[in-house]
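What the coordinates show
Read off the chains here:
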Amino acid sequence: MNTTLPKALKLSDEVSYPIRWDYRAVLDLFEALNDPDTTPQERGLYLLTILYKDFETIPAGLWVDAVQKGLWFLNGGEPTPARNAPKLMDWEQDFSIIIPAINRVAGMEVRALPALHWWTFLGYYQEIGDCTFAQVVSIRDKQRRGKLSKEEREYYARNRHLVDLKQKLTADEQDFIATLLKKKR
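Now for a quick tour of the structure. (Residues numbered from 1 in each chain as written. Predicted model: local features only at pLDDT ≥ 70, side-chain atom pairs only at ≥ 80, totals over all residues. Heavy atoms only, no water.)

**What to know about helix α5 (residues 118-126)**
Put simply, the rule is: Each residue gets one of three labels from its accessible area relative to the maximum for its type: buried under 20%, exposed over 50%, partly exposed in between, using a 1.4 Å probe on protein chains only. To qualify as a helix, a DSSP run of H or I must reach at least 4 residues; to qualify as a strand, a run of E must reach at least 2; elements of each kind are numbered from the N terminus. Here a residue-residue contact requires only that any non-hydrogen atoms of the pair lie within 4.5 Å.
Those residues of α5 that fall on the buried side of the exposure criterion are Trp118, Trp119, Phe121, Leu122, Tyr124 and Tyr125. If you follow the buried residues of α5, they end up packed against α1 (23-33), α3 (63-74), α4 (91-106) and α6 (132-145).

In structure tokens, the structure reads:
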């Protein structure tokens, strides 16, 4: 049972390495990890350099352990889940509809706080009840399964900009599309 909010992670060398535990740093990390132009190795390096305050002090032989402990931290102290689940939300895209729901649960404007531990933010997130964000995620899920009601189809028609998850294109894909658009002119 995790009863404390970690501000450092102990690696297999039994040394605790300080981390950036504020939710803003974690959301910055998620944004970097979701960049379609990055390789798995680059994503691991992003995790190490963004999450660990003094990454340069971690011996290279502990980097795999540091990534695994970092993923444990990002997942709220739970084992990392299997990646088979369909993507129903995106922290970056959905931030504008997540934050009001988190503020309601927290009873305050969390962006005004000088710092808020990621696990506290995640706890608020997990307690989000009926709200725009929950409705959007529900419609995404039902749409994926082909089970939208008439009212949900109408909501979707009015709010496609919120519901549709935008696909992030690599730089090469963006260049290709730009080339195609130039040829059409």
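**Notes on the packing of aromatic side chains**
Stated formally: Stacked, tilted and edge-to-face pairs are distinguished by plane angle, under 30 degrees for stacked and over 60 for edge-to-face with tilted covering the rest, among Phe, Tyr and Trp rings (Trp via its six-membered ring) whose centres lie within 6.5 Å.
Inspection of the entire model under this criterion finds 11 aromatic pairs. Between the aromatic rings of tryptophan 91 and phenylalanine 121, the centroid separation amounts to 6.0 Å while the plane-to-plane angle is 45°, which identifies the pairing as tilted. Here tryptophan 91 is found in helix α4, whereas its partner phenylalanine 121 is found in helix α5, with 30 residues between them in sequence. Relative accessible area serves as the criterion here: at 15%, tryptophan 91 is assigned to the buried category. Centre to centre, the rings of tryptophan 118 and phenylalanine 121 are 5.7 Å apart; their planes meet at 25°, and the pair counts as stacked. Here the residue tryptophan 118 and the residue phenylalanine 121 both occupy positions in helix α5, the gap between them amounting to 3 residues, near one helical turn. Per residue, the accessibility class of tryptophan 118 equals that of phenylalanine 121, and both read buried. Grouped by ring-pair contacts, the aromatic residues Tyr23, Phe30, Trp91, Trp118, Phe121, Tyr125 and Phe133 constitute a single cluster.

**Points about the nonpolar core**
Put simply, the rule reads: The criterion is simple. A nonpolar core is a set of buried Ala, Val, Leu, Ile, Met, Phe, Trp, Tyr and Cys residues joined through side-chain atoms within 4.5 Å.
Membership of the largest hydrophobic core comes to 46 residues, with the highest contact counts inside it found for Tyr52, Phe73, Trp91, Val110, Trp118, Phe121 and Tyr125. For this core, the secondary-structure elements that each account for two or more residues are α1, α2 (40-51), α3, α4, α5, α6 and α7 (150-158). The element contributing the most residues to this core is α4, with 7 residues. Dropping the residues within four chain positions of it, phenylalanine 73 is found in contact with Pro6, Leu9, Ile19, Trp21, Val26, Leu51, His117, Trp118 and Trp119.

**Quick word on the pattern of salt bridges**
We apply this condition: Any Lys or Arg side-chain nitrogen found within 4 Å of a carboxyl oxygen on Asp or Glu counts as a salt bridge.
For the coordinates displayed, the defined rule picks out 10 salt bridges. In this structure, the salt-bridge partner of lysine 87 is aspartate 90, at a minimum N-O distance of 2.9 Å. Accessibility expressed as a relative area gives 5% for aspartate 90, which makes it buried. Between aspartate 164 and arginine 160 there is a salt bridge, with its nearest N and O atoms 3.6 Å apart. The class of aspartate 164 is partly exposed, set by a relative accessible area of 26%. Through salt bridges with shared partners, one network takes in Asp141, Arg144 and Arg145.

**Quick look at unusual backbone geometry**
For glutamate 14, which is not glycine, the phi torsion reads 70° and is therefore positive. Examined against the element boundaries, glutamate 14 turns out to sit in the loop between β1 (8-10) and β2 (16-18).

**Points about the packing of α2 against α3**
Note the following rule: To get an axis, a line is fitted to the C-alpha atoms, and for a helix only the part in contact is used. The angle between two axes follows their N-to-C directions and goes from 0 to 180 degrees. Should an angle lie under 35 degrees it is considered roughly parallel, over 145 roughly antiparallel, and from 65 to 115 roughly perpendicular; all remaining angles are considered oblique.
Two numbers describe how α2 lies on α3: the axes approach to 10 Å, and their chain directions differ by 70°. Our classification of the angle between α2 and α3 gives roughly perpendicular. On α3, the residues touching Gly44, Leu47, Leu48 and Leu51 of α2 are Trp63, Ala66, Val67, Gly70, Leu71, Phe73 and Leu74.

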